[in-house]
Amino acid sequence: MIYQTIIRSFIMRTLNANEIQHVSGGWVANALGAAAGAYGAGYGYLAGGGKDPNRFLGAVALGGLTGAASPVNGIRSAAKTAAVSFGGSAATTAIGSPYF
């Protein structure tokens, strides 16, 4: 009987909505994921040649929602977008340079 009590105390459980709100800093990852997802989606739309402001805002909103729902993917998307942008700019600058 004592072993069952010990085992139950070590079993993890899912937090309910009220407990999640009381966890400090739990929303920070979602906020960062939302910002990163919005940035990645907006930049991707513009880099792809998009020119419609309404579709741009739609891409930003959808990217923000997806980034908030999955913060790791949102932050990864923004990091990849920034890396590709930096690499593309560096390559274009190097090719246009008279020293290349």
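Just so it is clear, the model here is predicted, and its values are computed rather than measured. (Residues numbered from 1 in each chain as written. Predicted model: local features only at pLDDT ≥ 70, side-chain atom pairs only at ≥ 80, totals over all residues. Heavy atoms only, no water.)

### A short note on the overall build of the protein chain
The line we're drawing: Numbering of helices and strands starts at the N terminus; helices are DSSP runs of H or I of at least 4 residues and strands are runs of E of at least 2. A simple rule labels every residue: compare its accessible area, found with a 1.4 Å probe on the protein chains alone, to the largest value its type can have, and call it buried under 20%, exposed over 50%, or partly exposed in between. Whether two residues are in contact is decided by their heavy atoms: any pair within 4.5 Å suffices. Computed with a 1.4 Å probe, the accessible areas rest on the Shrake-Rupley method; for each residue, only the protein chains presented here act as cover.
Of the regular secondary structure elements, the protein chain holds 5 helices and 0 strands. When the helices and strands of the protein chain are read in sequence order from the N terminus, they spell out α-α-α-α-α. Buried positions account for 17% of the 100 residues belonging to the protein chain. Look at the contacts in the protein chain between residues 6 or more apart in sequence, and 67% of them connect residues 24 or more apart. A total accessible area of about 7800 Å² is found for the protein chain, and carbon and sulfur atoms account for 69% of it.

### With respect to the packing of helix α3 (residues 28-47) against helix α4 (residues 53-69)
Worth spelling out the cut-off: In this analysis an axis means a line fitted to C-alpha atoms, helices contributing only their contacting stretch, and an angle means the value between N-to-C directions, from 0 to 180 degrees. Handedness of a crossing follows from how the near helix is turned relative to the far one, being left-handed for an anticlockwise turn of less than a right angle and right-handed for a clockwise one. For this classification, Asp, Glu, Lys and Arg are treated as charged, while Ala, Val, Leu, Ile, Met, Phe, Trp, Tyr, Cys and Pro are nonpolar and the rest, including Gly, are polar.
Relative to each other, α3 and α4 sit at 150°, their axes nearing to 6 Å. For the element pair α3 and α4, the recorded crossing hand is right-handed. Contacts from N30, G33, A34, G37, A38, A41, G42, Y45 and L46 in α3 reach R55, F56, A59, V60, G63, G64, G67 and A68 in α4. Of the residues in the contact of α3 with α4, the class split is 9 nonpolar, 7 polar and 1 charged.

### Some remarks on a nonpolar patch on the surface
Under the convention used in this document: Residues enter patches when their relative accessible area tops 30% and they take part in no salt bridge; the joining distance is 9 Å for like charges and 5 Å for the nonpolar side chains Val, Leu, Ile, Met, Phe, Trp and Tyr. Here, a salt bridge means any Lys or Arg side-chain nitrogen found within 4 Å of an Asp or Glu carboxyl oxygen.
A surface patch of nonpolar side chains, about 410 Å² in accessible area, is lined by W27, V28, L32 and I75. Positionally, V28 belongs in helix α3.

### Concerning the packing of aromatic side chains
Under the convention used in this document: The pairing test for Phe, Tyr and Trp rings, Trp by its six-membered ring, is centres within 6.5 Å, and the orientation test on the planes gives stacked under 30 degrees, edge-to-face over 60, and tilted for anything in between.
The final tally for this structure, using the stated rule, is 2 aromatic pairs. Relative to Y43, the ring of Y39 has its centre 6.0 Å away and its plane inclined at 25°; by these criteria the two rings are stacked. Of this pair, Y39 and Y43 both sit in helix α3, 4 residues apart, roughly one helical turn. A residue is classified by how much of its surface remains accessible, and Y39, at 41% relative accessible area, is partly exposed. With a centroid separation of 6.4 Å and an interplanar angle of 45°, the aromatic rings of Y45 and F56 are classed as tilted. Placement of the pair is Y45 in helix α3 and F56 in helix α4, with a sequence separation of 11 residues.

### A short note on α4
This is how it is decided: The span one expects for a helix is its residue count, reduced by one, times 1.5 Å. Each direction from the helix axis to a C-beta atom contributes to the arc, which is the arc of those directions.
Relative to the 24 Å expected for 17 residues at 1.5 Å per residue, α4 spans 24 Å between its end C-alpha atoms, a close match to the ideal helical length. Within α4, the full set of buried residues consists of A59, G63, G64 and G67. Considered in projection along α4, the buried side chains sweep an arc of 130° and stay on one side of the axis. Among the exposed residues of α4, those oriented more than 90 degrees off its buried face are N54, R55, L57, L62, L65 and A69.

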